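# Chains, contacts and geometry: an overview
Here are the chains, one letter per residue:
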Amino acid sequence: MRAYAIVLIAAGIATTTISLVLAAIVPLVFVLHGTLARPPAVAEAVLVHRAITPERALPGQPVDVTLTIENTGEVAIPDLRFVDGVPDELGVTDGSPRGGGAIGSGAERSQTYTLTANRGTYVFDDVTLRARNVNGTRLVDETITAGGAT
């Protein structure tokens, strides 16, 4: 974007055309907005909760997992994507452990998927979060331990 602004300003000065110089304002506004934009606060503003139903299942039995992401901050997160840390030994049979979207202040978003139980005990990994600001110029990656069933 900066290059477009520089080209427009240079062309406007070289040809003494004021409209080209004024046209450089549009990309300059985008550059300025991207420069001043802050990354979304994720680690201190997001709570993650995992519910597993049933918590103790027989081998071959379906197990529903619901991952809930809550924005406890005062500012909306315009683009939040998340991936639950499903154990490698368990296969997802329905739905997806991935989700995302905008989450307003005080709002929450849930994602439900189904696993097939295997014999043994398995522990979920942390939840991976990726957030972007409104215009996508700032990116934050976080790993958060989910509350609830692990």
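Each value, and the rule that gives it
Residues numbered from 1 in each chain as written. Predicted model: local features only at pLDDT ≥ 70, side-chain atom pairs only at ≥ 80, totals over all residues. Heavy atoms only, no water. Pairing = 2+ DSSP bridges. Helix = DSSP H or I, 4+ residues; strand = E, 2+ residues; numbered from the N terminus. Axes fitted to C-alpha atoms, helices over the stretch in contact; angles between N-to-C directions. Core = buried A, V, L, I, M, F, W, Y, C linked by side-chain atoms within 4.5 Å. Buried < 20%, exposed > 50% of the residue type's maximum accessible area, 1.4 Å probe, protein only. Contact = heavy atoms within 4.5 Å. Polar contact = N/O pair within 3.5 Å; in protein donor to acceptor, adjacent residues only side chain to side chain.

### Digging into the sheet that holds strand β7 (residues 125-132)
- Read from one edge of the open sheet, 4 strands run β5-β3-β7-β8, paired in antiparallel fashion. Across the chains shown, the open sheet's two edge strands, defined by having one partner strand only, are β5 (98-103) and β8 (139-144). Taken over all neighbouring pairs, the strand axes of this sheet differ in orientation by 20° on average, direction set aside.
- Pairing between β7 and β8: 6 bridges, direction antiparallel. When the bridges of β8 are listed, Arg132 appears paired with Leu139.

### Regarding the pairing of strand β2 (residues 62-71)
- Sheet topology note: the strand β1 (residues 46-53)/β2 ladder contains 8 bridges and is antiparallel. Opposite Val46, over in β2, you have Asn71 as the bridge partner.
- For β2 and strand β6 (residues 108-116), the ladder comprises 9 bridges, and the chain directions are antiparallel. The residue bridging Ile69 from the neighbouring strand is Arg109, located in β6.

### Quick word on the nonpolar core
- Of all hydrophobic cores here, the largest spans 15 residues; its most connected members are Val46, Val48, Ile69, Leu80, Val127 and Leu129.
- Of all the secondary structure elements, the ones that give two or more residues to this core are β1, β2, β3 (77-85), β7 and β8.
- Sequence-distant contacts of Val48, that is, excluding residues within four places in its chain, are made with Leu67, Thr68, Ile69, Val127, Leu129, Ile144, Thr145, Ala146 and Gly147.
- Core analysis: the second largest hydrophobic core is formed by 10 residues, Ile52, Val86, Leu90 and Phe124 among them.

### Focus: the side chain of Thr114
- Looking at where Thr114 falls in the secondary structure, it is placed in strand β6.
- According to the relative accessible area criterion, Thr114 is buried, its value standing at 12%.
- Separated by 2.9 Å, the side chains of Thr114 and Asp64 make a polar contact.

### Things to note about the sheet that holds β1
- The strand order across the open sheet built from 5 strands is β4-β6-β2-β1-β9, with neighbouring strands paired in mixed fashion. Edge positions in the sheet fall to β4 (92-95) and β9 (147-148), since each has one partner strand and no second.

### Quick look at the environment of Ile77
- In this structure, Ile77 sits in strand β3.
- If we ignore the near neighbours within four places in the chain, the residues touching Ile77 are Pro40, Ala41, Val46, Asn71, Gly101, Ala102, Ile103 and Ala131.

Everything listed here is a matter of coordinates, which is why it stays silent on function.
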